[in-house]
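Residue-level listing of the chains:
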2 protein chains.
Amino acid sequence: MAGQNRVWRLSRRPKAEITPDVLSLEREPVPAPADGEVLVRVNYLSLDPTNRVWMSDIPQYMPPVGLGEVMRGLICGTVIESRAPGFSEGDVVGGLGGWADYLALPARGLNKLAPAATLSLLDTWAILSLVGPTAYFGLIDIGQPKSGETLVVTTAAGAVGSIAAQIGKLKGCYVVGLAGTDDKCAWLKEDLKLDGVINYKTEDVAQALRRACPKGIDIYFDNVGGDILDACLVLMNLKGRIVTCGLISTYNAEGARGGPKNYAAILMQRLRVQGFIVLDYLHRYPEAMAALVPWLMEGKLKYRLDVVDGLENAVTAVKRLYTGENKGKLVIAVAPPT
Amino acid sequence: MAGQNRVWRLSRRPKAEITPDVLSLEREPVPAPADGEVLVRVNYLSLDPTNRVWMSDIPQYMPPVGLGEVMRGLICGTVIESRAPGFSEGDVVGGLGGWADYLALPARGLNKLAPAATLSLLDTWAILSLVGPTAYFGLIDIGQPKSGETLVVTTAAGAVGSIAAQIGKLKGCYVVGLAGTDDKCAWLKEDLKLDGVINYKTEDVAQALRRACPKGIDIYFDNVGGDILDACLVLMNLKGRIVTCGLISTYNAEGARGGPKNYAAILMQRLRVQGFIVLDYLHRYPEAMAALVPWLMEGKLKYRLDVVDGLENAVTAVKRLYTGENKGKLVIAVAPPT
């Protein structure tokens, strides 16, 4: 297929914040799919905190994006040409792709998408591809919540955090959420019915946590690392669990920064600190779907999508993940299906 | 019973190293046992890295020793007067006691001791009370070693480390041990048959670990924390385990020090970092004994006792645990049974 394509390529590695010179939007011919590949028109692009990790040449869970390469991202798209058995023009697919209008992708890395129950296609893809399963496996498999336990969740108004917090409530936990604006805190308190909320930008987090968690912390669902991790460590109860889902407060840090000062709590309180990446759980996705889809249908899991129009806005949009400006799951509408 | 007793009492909390003014040796009357207590003549006193923790007013797994109180320690002793049912004069007992010639102790905290199989009473108490079970449960329960995996052990010539390293060998691991003298390294290599040894005082630990662990590290049995923990973190394999048994390099640090700089490896490599205290495993001691006693009998677990004569030498002896001077399990012979 001829025609023009827009592609965000990684120009240089960010030193701290993502600056405009880190990625450049190139105009290129639409690629031709090779054998085993499909050509995909990207409908939606997911922006996630881990994007910042992929831009950096640091040790991580998959190779970083190479300089000059298309920026990596989870996409939802429509097959417009197939050179792979089992895939046809018009199929809607999801998987790891890139920041572009059109992508030639190996079919083996793609899943066909269909709306789950009464959800829209966008919601199905945005919530059930990564965000929902991340919250589910992180909390259930690693956090192992028991009714009556205290769960603390950071970035609680974010995509993963808000679902983890609500699953905690569904499991009978006393749930305290941290977010960065009063508006987000109000949403957590009034709509998600969390037991406690903390605005980490205006409150003294250590004091606020002590007040909000009178029985200590049994599970800390950690999306941020840094100072808040330290504040939680001193409040962890015996045999507490720290679910290491993200360390977003450290991603923009230039060079190595000190780790948690209160690391000794791991020994003294016999904690289990465990990292995970949802990709490790692909084989157990049916289990997550069996729990999440009914909860979504019954309105027991609320979520917010933060949809930004236009591939050209991807770089300005992604930065909002690190400033706390976005609300809920951040998605670029590249070319929504009509 | 009348008579004179010598008792080490905590005078002040150490700021960094244990200085001579931290403990004072008092001469006092021998205490009278209350109802439910026994009067014990201390035969042996165990000195352990955790002693430094108990001296400090930091968050820990049991209350610190109070100022003016008898310094806490694991003892082996002989009952010379009983006011508790089930205990009689002449019984040999073990349990948490203190740094003294005579102690009046609640009987419910004591166990009667008998030599295990062909071991001496001293060896039975010194190796099987805490040290052996600590190594066993830490490595087996938390480390979950599989044949062919690489295990790194710090303080590998020490009481717990040497047993953990040998259990690793018995489980088919490739075992690399760190110790602080060439003499200790030679013992690890020649007598314990470890696959790799590193003198952490004379070698560049990060480089030496990379060389000694060509397949990365699957299990790190951490007795020290600090810089060596950081060096191990960057070498951990996917789904590796860090057994947090001790953090001795940090115990003498004044005030909070930074945690591991490479903490993000927990997320990127999906590590499990888990702290434990052997006291949590008391109910599973029979399992440890069933494994350890035959290994000891068959000569598959070697150990060294470092016996220092005289209660008056306890303070100078305990400091050797933090300088790397002692070899094997450190014990004070207070009044060995005749």
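Residues numbered from 1 in each chain as written. Chains lettered and ligands numbered in written order. Predicted model: local features only at pLDDT ≥ 70, side-chain atom pairs only at ≥ 80, totals over all residues.

Caption draft 1: Here's a closer look at the overall build of chain A. Looking only at helices and strands, one finds ten helices and 15 strands in chain A. Relative to the compact-globule value of 20 Å for 338 residues, chain A shows a C-alpha radius of gyration of 20 Å, a close match. Expressed along its principal axes, the backbone C-alpha trace of chain A runs to roughly 65 × 45 × 35 Å. Taking the intrachain contacts of chain A between residues at least 6 apart in sequence as the baseline, contacts between residues at least 24 apart amount to 66%. (Helix = DSSP H or I, 4+ residues; strand = E, 2+ residues; numbered from the N terminus. Rg over C-alpha atoms; globule rule 2.2 N^0.38 Å. Contact = placed C-beta atoms within 7 Å.)

Caption draft 2: View of the domain arrangement of chain A. Residues and elements named next belong to chain A. One can read the domain layout of chain A as domain 1 (4–113 + 304–333) and domain 2 (127–297). Taking the mean C-alpha position of each, domain 1 and domain 2 sit 27 Å from one another. Contacts between domain 1 and domain 2 engage 14 residues on the former and 15 residues on the latter. Here the side of domain 1 that touches domain 2 is composed, by residue class, of six nonpolar, three polar and five charged. (Domains from an automatic or database assignment. Nonpolar A, V, L, I, M, F, W, Y, C, P; charged D, E, K, R; others polar.)

Caption draft 3: Just the relation of the copies chain B and chain A, in detail. After a rotation of 180° and a shift along the axis of 0.0 Å, chain B superposes on chain A with an RMSD of 0.0 Å. What we have between these two chains is a two-fold relation. Relative to the rotation axis, the closest C-alpha in chain B is found at B:Gly259, a distance of 2.1 Å. Both copies share a contact surface, since 100% of the interface residues of chain B are interface residues in chain A too. (Least-squares fit on C-alpha atoms with pLDDT ≥ 70 in both.)

Caption draft 4: Representation of the pairing of strand β10 (residues 196–199) of chain A. Residue and element names in this part refer to chain A. In this structure, strand β9 (residues 174–179) lies alongside β10, joined through four bridges in parallel fashion. Residue pairing in the sheet places Val 176 in a bridge with Gly 196 of β10. Read as a crossover between parallel neighbours, the route from β9 over helix α4 (residues 182–191) to β10 is right-handed. (Pairing = 2+ DSSP bridges. Right-handed = clockwise from strand over helix to strand, strands pointing away.)

Caption draft 5: View of the sheet that holds strand β13 (residues 272–275) of chain B. Taken in spatial order, the twelve strands line up as β10(A)-β9(A)-β8(A)-β11(A)-β12(A)-β13(A)-β13(B)-β12(B)-β11(B)-β8(B)-β9(B)-β10(B) in an open sheet, and their pairing is mixed. If you trace the sheet from one side to the other, it starts and ends with β10 of chain A together with β10 (196–199) of chain B, each paired once. When the angles between neighbouring strand axes are averaged without regard to direction, this sheet yields 15°. Where strand β8 (residues 150–153) of chain B meets strand β11 (residues 217–222) of chain B, three bridges bridge the pair, whose relative direction is parallel. Looking at the pairing, B:Val153 lines up with B:Phe221 of β11(B). The strands touched by α4(A) are β9 and β10 of chain A; relative to β10(A), the strand with the most contacts, the crossing angle is about 175°. Its contacts with the sheet put helix α5 (residues 205–212) of chain A on β9 and β10 of chain A, and the angle it makes with β10(A) is roughly 175°. (Axes fitted to C-alpha atoms, helices over the stretch in contact; angles between N-to-C directions.)

Caption draft 6: Just the environment of B:Lys169, in detail. Residues and elements named next belong to chain B. Summarising the element assignment, Lys 169 is placed in helix α3 (residues 159–170). Exposure remark for Lys 169: the 18 C-beta atoms within 10 Å place this residue in the partly exposed category. Sequence separation between Lys 169 and Asp 195 is 26 residues, and the spatial gap between their C-alpha atoms is 8.8 Å. Contacts of Lys 169, omitting those with residues within four sequence positions, involve Val 175 and Lys 193. (Buried ≥ 20, exposed ≤ 12 C-beta atoms within 10 Å, placed from the backbone.)

Caption draft 7: Quick peek at unusual backbone geometry. Residue and element names in this part refer to chain B. Despite not being glycine, Thr 155 shows a phi value in the positive range, around 45°. Structurally, Thr 155 can be placed in the loop between β8 and α3. You will see that Arg 270, though not glycine, has its phi angle at about 50°, which is positive. Relative to the helices and strands, Arg 270 is located in the loop between α8 (265–268) and β13. Judged by the 21 C-beta atoms lying within 10 Å of it, Arg 270 is buried.

Caption draft 8: Region of interest: the nonpolar core. With 226 residues, the main nonpolar core has A:Leu45, A:Phe221, A:Cys232, B:Leu45, B:Val152, B:Phe221 and B:Cys232 as its most contacted residues. If we skip the residues at most four places from it in the chain, A:Leu45 touches A:Gly73, A:Ile75, A:Trp99, A:Leu311, A:Ala314, A:Val331, A:Ile332 and A:Val334. (Core = buried A, V, L, I, M, F, W, Y, C linked by C-beta atoms within 7 Å.)

Caption draft 9: Up close: the interface of chain B and chain A. The interface of chain B with chain A comprises 30 residues on the first partner and 30 residues on the second. For the side of chain B that touches chain A, the secondary-structure elements that each account for two or more residues are α8 and β13 of chain B. Sheet analysis places strand β13 (residues 272–275) of chain A next to β13(B), joined by three bridges and oriented antiparallel. Bridge pairing links A:Val273 to B:Val273 in β13(B).

Caption draft 10: Expanded view of the confidence of the model for chain A. Predicted confidence across chain A gives a mean pLDDT of 94, with 98% of residues reaching 70 or more. Both confidence scores are given for the complex: pTM 0.91, ipTM 0.88. (pLDDT = per-residue confidence, 0-100.)

Caption draft 11: Inspection of helix α10 (residues 314–323) of chain A at higher detail. Residues and elements named next belong to chain A. Along α10, the positions that sit buried rather than exposed are Ala 314, Ala 317, Val 318 and Leu 321. Projected onto a plane normal to the axis of α10, the buried residues spread over an arc of 100° and lie on a single side. Looking at α10, the residues exposed on the side facing more than 90 degrees away from the buried face are Thr 316 and Thr 323. In this structure, the buried side of α10 is in contact with β1 (4–10), β3 (37–46), α1 (50–54), β14 (305–309) and β15 (329–333). (Arc of directions from axis to C-beta.)

Caption draft 12: Main features of helix α4 (residues 182–191) of chain B. Residue and element names in this part refer to chain B. Of the positions making up α4, those classed as buried are Lys 184, Cys 185, Trp 187 and Leu 188. The buried side chains of α4 occupy one side of the element, clustering within an arc of 155° when seen end-on. α4 presents Asp 182, Asp 183, Glu 190 and Asp 191 as exposed residues on the side facing more than 90 degrees away from its buried surface. In the stretch just after α4, Lys 193 is the one whose phi turns positive, near 60°.

Caption draft 13: Representation of the environment of A:Asp191 in the model. Relative to the assigned elements, A:Asp191 resides in helix α4. The spatial distance from the C-alpha of A:Asp191 to the C-alpha of A:Asn5 is 41 Å, given a sequence separation of 186 residues.

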